[in-house]
Amino acid sequence: GELSIGNLEWDGSLGEEEEAALRQVGFLFKGYRVQVWYWELIELSRKLAFNAFMAFIFPGSKIQLVVGYIAALFFFLLNSRVRPFRDARVER
């Protein structure tokens, strides 16, 4: 069988704890669909990969460029597959 969960939203309907979480850290995940609340961690990983790790991978070489292209393609395909944003206009 399959377990089905109704349509969830970040609307505070789950009570006071959800309201408190939205007030305190909602800016981190409120732009994403509820099912992919963790997407900000993926985004931070992407930024870390490009801004920190890429600087140490054969600096100035063609290998660095190829690794960068592969990483960019990976994150692009991941984002295209998951479509994490609540507003479809953001994903265009």
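As a reminder, the structure under discussion sits directly above these lines.
Residues numbered from 1 in each chain as written. Predicted model: local features only at pLDDT ≥ 70, side-chain atom pairs only at ≥ 80, totals over all residues. Heavy atoms only, no water.

Peer 1: Explain helix H3 (residues 62-82) here, please?
Peer 2: Residues that lie three or four places apart on an α-helix share one face, since the helix turns once every 3.6 residues. Taking 1.5 Å of rise per residue, the 21 residues of H3 would be expected to cover 30 Å, and the 30 Å separating its terminal C-alpha atoms lies within 8% of that figure. Along H3, the residues that are buried comprise Gln64, Gly68, Ala71 and Phe75. Here the buried residues of H3 occupy an arc of 70° about the axis, which is enough to place them on one side. Within H3, the exposed residues directed more than 90 degrees away from the buried face are Lys62, Tyr69, Ile70, Phe76 and Arg81. Buried positions along H3 lie against helix H2 (39-51). Where H3 begins, the side chain of serine 61 points an oxygen toward the backbone nitrogen of isoleucine 63, at a separation of 3.4 Å. Positive backbone phi, approximately 50°, marks arginine 83, located one or two places after H3. (Helix = DSSP H or I, 4+ residues; strand = E, 2+ residues; numbered from the N terminus. Expected span 1.5 Å × (residues − 1). Buried < 20%, exposed > 50% of the residue type's maximum accessible area, 1.4 Å probe, protein only. Arc of directions from axis to C-beta. Contact = heavy atoms within 4.5 Å. Polar contact = N/O pair within 3.5 Å; in protein donor to acceptor, adjacent residues only side chain to side chain.)

Peer 1: Looking at this structure, how should I read a nonpolar patch on the surface?
Peer 2: Taken together, Trp37, Tyr38, Leu41 and Leu44 make up a surface patch of nonpolar side chains, about 420 Å² in accessible area. By the secondary structure assignment, leucine 41 is in helix H2. (Patch = residues over 30% accessible without salt bridge, like charges linked within 9 Å, V, L, I, M, F, W, Y side chains within 5 Å. Areas by Shrake-Rupley, 256 points an atom, 1.4 Å probe, with all protein chains shown as cover. Salt bridge = Lys/Arg side-chain N within 4 Å of Asp/Glu carboxyl O.)

Peer 1: Could you clarify how one ought to interpret H2 in this entry?
Peer 2: Counted at 1.5 Å a residue, the expected span for H2 with its 13 residues is 18 Å, and the 18 Å between its end C-alpha atoms agrees. The set of residues buried in H2 consists of Trp39, Glu40, Glu43 and Ala49. Close packing links the buried residues of H2 with helix H1 (16-29) and H3.

Peer 1: Please explain the packing of aromatic side chains as it appears in this structure.
Peer 2: A ring pair, where both rings are aromatic, is described by two values, the distance of the centres and the angle of the planes. Scanning the entire structure with this criterion turns up four aromatic pairs. Note on tyrosine 32 and phenylalanine 85: the rings are 5.3 Å apart at their centroids and 35° apart in plane angle, and the pair reads as tilted. Of this pair, tyrosine 32 sits in the loop between H1 and H2 while phenylalanine 85 is found in the segment after H3, placing the two residues 53 residues apart along the sequence. The exposure class of tyrosine 32 is buried, given its relative accessible area of 7%. Ring centres of tryptophan 37 and tyrosine 38 lie 5.8 Å apart, and the angle between their planes is 85°; on these two criteria the pair is classed as edge-to-face. One aromatic cluster is present, formed by Phe50, Phe74 and Phe75 through successive ring pairs. (Phe/Tyr/Trp six-rings, centres within 6.5 Å; stacked < 30°, edge-to-face > 60°.)

Peer 1: I would appreciate a short explanation of the packing of H2 against H3 in the present structure.
Peer 2: The angle between the axes and the distance between the axes are what describe a pair of packed helices. Running from N to C, H2 and H3 point in directions that differ by 165°, and their axes come no closer than 11 Å. On the basis of their axis angle, the class for H2 and H3 is roughly antiparallel. The chirality of how H2 crosses H3 is left-handed. Residue-level inspection shows Trp39, Ile42, Ser45, Arg46 and Phe50 of H2 in contact with H3, the latter providing Gly68, Ala71, Ala72, Phe75, Leu78, Asn79 and Val82. For the contact of H2 with H3, the residue count by class is eight nonpolar, three polar and one charged. (Axes fitted to C-alpha atoms, helices over the stretch in contact; angles between N-to-C directions. Parallel < 35°, antiparallel > 145°, perpendicular 65-115°, else oblique. Left-handed = near helix turned anticlockwise from the far one by under 90°. Nonpolar A, V, L, I, M, F, W, Y, C, P; charged D, E, K, R; others polar.)

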